[in-house]
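Secondary and tertiary structure notes
Now for the letters of each chain:
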Amino acid sequence: MRQSNPPFMSGVPELLLLRLLGQREMYGYELVRSIKLVTNDAITLGEGVIYPVLHSLERNGALKAKRKKVDGRTRVYYALTARGRKRLERLHGEWRRIQSGVAAAMEEPANA
Amino acid sequence: MRESWLDDIRNRLQVAGIAPAGAARMIAELDDHLEDLVEEGRRLGLDAKEARQYAMQRLGAPEQIAAQASRHDELKTWSGRHPQLARVYLPFAYVVLLPLAPIFAGAANAGIVLRWGASLMLAGAVTALMMLALQLSIALT
């Protein structure tokens, strides 16, 4: 079985969760499956750690949670709020900046 | 196995100072996720025991989940966010508030206190009327 990604992943789950919830509302298991799908299985989380992140985002007003009964089971669905959309835009901008910086560093000859 | 795994997380969340309502919902969501993963394991051809192990491995160790929760101060109670302050100041606060406990209890059960007060006044009025009647009957005889 594959190991979870190391600690440098900090912040990435939040970005992915906001991105996916920007498309439609989802519950925890569904979100983890979607992360695996959209990242081609490159990002493997200890799946339980998404719940503290989801609760924290909800507490900060970036997400709203709603209980729904589906097939006899009560699930908690999460949806992005307007504040969450702004947070996503900000995080996405930061991510692009870091990504281009790291890419530039990796392409330059290591003569610094 | 499932219950002890969930209990372990519940205890660790409590130690981390996570608010009880939030922790209870998180446990319910983890339990639901676990059930989904067990079903997934069964679809992959695992037997019941293997499927449970597969599910718990995928969800991660209880200490990993509690550690992630502990990073988010907004999920904690006041005493969870300021454990040192709580240890020093809460005992003093309890000593100051203890004499006020009957007032708080009365406010929390205002309906009962009002009914009890009204019954007491009614009983007092009936007793006073009976005493008056007794006095009148003595005076008239």
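Throughout what follows, the structure given in this document is the object of discussion. These numbers come from a predicted model, not from an experiment. (Residues numbered from 1 in each chain as written. Chains lettered and ligands numbered in written order. Predicted model: local features only at pLDDT ≥ 70, side-chain atom pairs only at ≥ 80, totals over all residues.)

On to the environment of Leu17 of chain A. Residues and elements named next belong to chain A. Topologically, Leu17 is positioned in helix α1 (residues 12–21). For the pair Leu17 and Ala79, spaced 62 residues apart in sequence, the C-alpha separation works out to 10.0 Å. Leaving out residues up to four positions away in the same chain, Leu17 has contacts with Leu31, Ile50, Val53, Leu54 and Leu57. (Helix = DSSP H or I, 4+ residues; strand = E, 2+ residues; numbered from the N terminus. Contact = placed C-beta atoms within 7 Å.)

Turning our attention to the pairing of strand β1 (residues 63–70) of chain A. The pairing of β1 of chain A with strand β2 (residues 73–80) of chain A spans eight bridges and is classified as antiparallel. Paired with Lys68 of chain A across the strands is Arg75 of chain A, a residue of β2 of chain A. (Pairing = 2+ DSSP bridges.)

The nonpolar side chains of a soluble globular protein tend to be buried, and buried together. Of all hydrophobic cores here, the largest spans 37 residues; its most connected members are Leu17, Leu21, Ile50, Leu54 and Leu63 of chain A together with Leu13 and Ala69 of chain B. The set of elements that each furnish at least two residues to this core consists of α1, α2 (28–38), α3 (50–59) and β2 of chain A together with α1 (2–15), α2 (20–43), α3 (48–59) and α4 (62–70) of chain B. Here the element with the most residues in this core is α2 of chain B; it accounts for six residues. Residue contacts for Ala69 of chain B: discarding those within four places in its chain leaves Pro52 of chain A together with Leu13, Ala16, Ile18 and Leu75 of chain B. (Core = buried A, V, L, I, M, F, W, Y, C linked by C-beta atoms within 7 Å. Buried ≥ 20, exposed ≤ 12 C-beta atoms within 10 Å, placed from the backbone.)

Take the packing of α1 of chain A against helix α4 (residues 82–107) of chain A next. All names here are of chain A. Running from N to C, α1 and α4 point in directions that differ by 130°, and their axes come no closer than 10 Å. Accordingly, the angle class assigned to the pair α1 and α4 is oblique. By crossing handedness, the relation of α1 to α4 is classed as left-handed. Here α1 contributes Glu14, Leu15, Leu18 and Arg19 to the contact with α4, which in turn contributes Gly84, Arg87, Leu88, Leu91, His92 and Trp95. A per-class count over the contact of α1 with α4 returns five nonpolar, two polar and three charged. (Axes fitted to C-alpha atoms, helices over the stretch in contact; angles between N-to-C directions. Parallel < 35°, antiparallel > 145°, perpendicular 65-115°, else oblique. Left-handed = near helix turned anticlockwise from the far one by under 90°. Nonpolar A, V, L, I, M, F, W, Y, C, P; charged D, E, K, R; others polar.)

This part covers the interface of chain B and chain A. Residue-level contacts link 18 residues of chain B with 16 residues of chain A. With seven residues, α2 of chain B is the largest single contributor of residues to the side of chain B that touches chain A. Grouping the amino acids of the side of chain B that touches chain A by side-chain chemistry returns six nonpolar, seven polar and five charged.

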